[in-house]
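Observations on chain architecture
One-letter residues, chain by chain:
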Amino acid sequence: MPAEIVSVENVSFGYDSSLSLENVSFKAYEGDFLGIIGPNGAGKTTLFRCMLRVLLGYKGTIKLFGQDIRDDKNYLKRIGYIPQTRSIEQGFPVTVEEVVSFGLIGRKYTKDKISSAIEEVGLIGHNKKRIGELSGGQLQRVLIAKSLVADPDLLILDEPTTAIDMESENKFYSLLTELNKERRMTIIWSSHDLDAIKKLADKVACINKRLFFHGNVGEFFNNEKLMMSAYLESSMQAHMHSHFDVNNNDKIVDPDGL
Amino acid sequence: MVFEILAFGFMQRALVAGVMIAIICSIIGLFLVLKRHSLFGDAMSHVAFGGIAIGLFTNVYPLWTAFIVSILAALGMTKLREFAKIPADSAVAVLLSSGLAIGIVLISLSGGFTLDLFSFLFGSILLVSVQDLIMILIVSSIVLAIISLIYKGLTYVTFDEEQASVGGLSVKNINYLFIVIASVTVIASIRLVGVLLISSLIVLPNITAITMGKGFKKTAIISCGISACSVIVGIIVSYVMNIAPSGAIVLTATAIFLTAVLGKHTVRKIRRSDINIQDVTMSD
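Structural notes, computed from the coordinates. (Residues numbered from 1 in each chain as written. Chains lettered and ligands numbered in written order. Predicted model: local features only at pLDDT ≥ 70, side-chain atom pairs only at ≥ 80, totals over all residues. Heavy atoms only, no water.)

1. Quick look at the interface of chain B and chain A
Interface size, as often reported, equals the accessible area lost upon joining of the parts. Each partner contributes to the interface: chain B provides 23 residues, whereas chain A provides 25 residues. If you sort the residues of chain B by the area they bury against chain A, B:Lys152, B:Phe159 and B:Val166 come out on top, with a joint share of 32%. In this structure, the salt-bridge partner of B:Arg36 is A:Glu89, at a minimum N-O distance of 2.7 Å. Remark: the boundary between chain B and chain A carries 12 residue pairs in polar contact (both at pLDDT 80 or more). Those elements that provide at least two residues to the side of chain B that touches chain A are helix H7 (130-159), helix H8 (161-166) and helix H10 (216-241) of chain B. Ranked by residue count, the leading element in the side of chain B that touches chain A is H7(B), at 6 residues. (Contact = heavy atoms within 4.5 Å. Buried area = accessible area lost by both parts, 1.4 Å probe. Salt bridge = Lys/Arg side-chain N within 4 Å of Asp/Glu carboxyl O. Polar contact = N/O pair within 3.5 Å; in protein donor to acceptor, adjacent residues only side chain to side chain. Helix = DSSP H or I, 4+ residues; strand = E, 2+ residues; numbered from the N terminus.)

2. Description of the sheet that holds strand E3 (residues 33-37) of chain A
Residues and elements named next belong to chain A. Spatially, E6-E7-E8-E3-E9-E10 is the arrangement adopted by the 6 strands of the open sheet, whose pairing is mixed. Unpaired on one side and paired on the other, strand E6 (79-82) and strand E10 (210-216) mark the two borders of the sheet. Going from strand to strand, the sheet's axes swing by 15° on average, the running direction of each strand aside. Sheet topology places E6 next to strand E7 (residues 154-158); 4 bridges connect them, and they run parallel. Bridge pairing in E7 links Ile 79 to Leu 154. Of the strands in this sheet, E6 and E7 touch helix H4 (residues 136-148), which is tilted by about 170° from E6. (Pairing = 2+ DSSP bridges. Axes fitted to C-alpha atoms, helices over the stretch in contact; angles between N-to-C directions.)

3. Examining helix H3 (residues 40-58) of chain B
Residues and elements named next belong to chain B. Taking 1.5 Å of rise per residue, 19 residues should cover 27 Å, and H3 covers 27 Å from first to last C-alpha, within 8% of that figure. Of all the 19 residues making up H3, 15 are buried; the element is thus mostly covered by neighbouring parts of the structure. Downstream of H3 by a residue or two, Asn 59 has a phi angle that is positive, lying close to 65°. (Expected span 1.5 Å × (residues − 1). Buried < 20%, exposed > 50% of the residue type's maximum accessible area, 1.4 Å probe, protein only.)

The structure is reproduced here in structure tokens:
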């Protein structure tokens, strides 16, 4: 039985006026490639932000590597996190090498490690380039190199292909497959690209504030009825929530009442 | 002539103090500019004005009271931002106006503006005493030592706070420490360019260096170079032309900035026309 890497138990979280996550529970084990799907505003990023201690006001329990994340933040050293590239300020005066070196803060720093991480993502010769000179796909690879340089056990990716071209996307998918299959790295990846999830992931979780499905990719995608009901139901829920948000504030769950 | 100028003791003190301040202002300023807190220097210097007024009012060395008031105000502003969720620029505006108001009230109570107060408002680098020089050297060394200790973490936090936090860094502590050393830097620099021009020394060399398109370390080095050059040239020109040194320093920094921007624009234009010529030649 592979080791349990992630355990999310009955997690709920609310921002100012509405609930973003409601009693979400799932587990991921060593070597899993878990795709998280759901419409915009489904709470995928909120879930990651809770798992990464950015948001601590959640209800429920999150354990990573067997430890409650509220007790100790040392587990973060074992995680590589790749945010959406659109959140990066490309005018920032920093080189590829400097960004990758951020991944080694608080760890043993060597130039060789940085160079080999840059090489691994196929950016040889770009070490001294400023990030503003890179394409969306190249910037994405820099962030991957930053996450990989410390050799993490768990890789969390938040819609990583939103701002990149098709060619870069394919290279990126090959790299993820290699990390998961050859290094047995556990990967949790949120995406709107259902085809990519079907091709790469072995497990899938469909969320829209609540968890609608969690299980094997085959079980989800080969059963059209199940897929349609989970995905459509979750999308329908999104529509209903937005409807209530606009027209009837009384229907919104008070996060303080959690 | 330059050697003659350098023979004066007051000029040597002015240059040493000026270069040290130029270096710390550039380094602190780079983080402030990139955090989009460019007006922080302005706000702190206005708070310092209140602190200086308290010192003059109570007969305590004004820079010490300015240090205490500014550090407390900077920490208060950060807490207020977190607590009341006020945008950074609004918090800076509150600090700037209330600091100045305290100063004006105290000055009116003490019977109006004095020569001392004018020297803090507009700077008086040529009047730097040995005591001032020692204070500037100590403060600069402490600021540089702290920055070198937290350099990597501070750069990461400035680049992206959320990623830095996920990387295991104590973002809050780094930000608090930075705010304290930024306040200290601003107060130590008041002697050079005065309360009214301090933000230019924080912003101008950095936006000039950023236009050069280099990485973080090189941008910081270029900014320090531009800042030190502005101070040296400004002080010498002010002596030769008998004009205010603070104004001469800031105008030199402005001239370097405009030259860099125009230079970059011209180079871009030449490159573009080269590409167009190549395109025409190839199509022929």
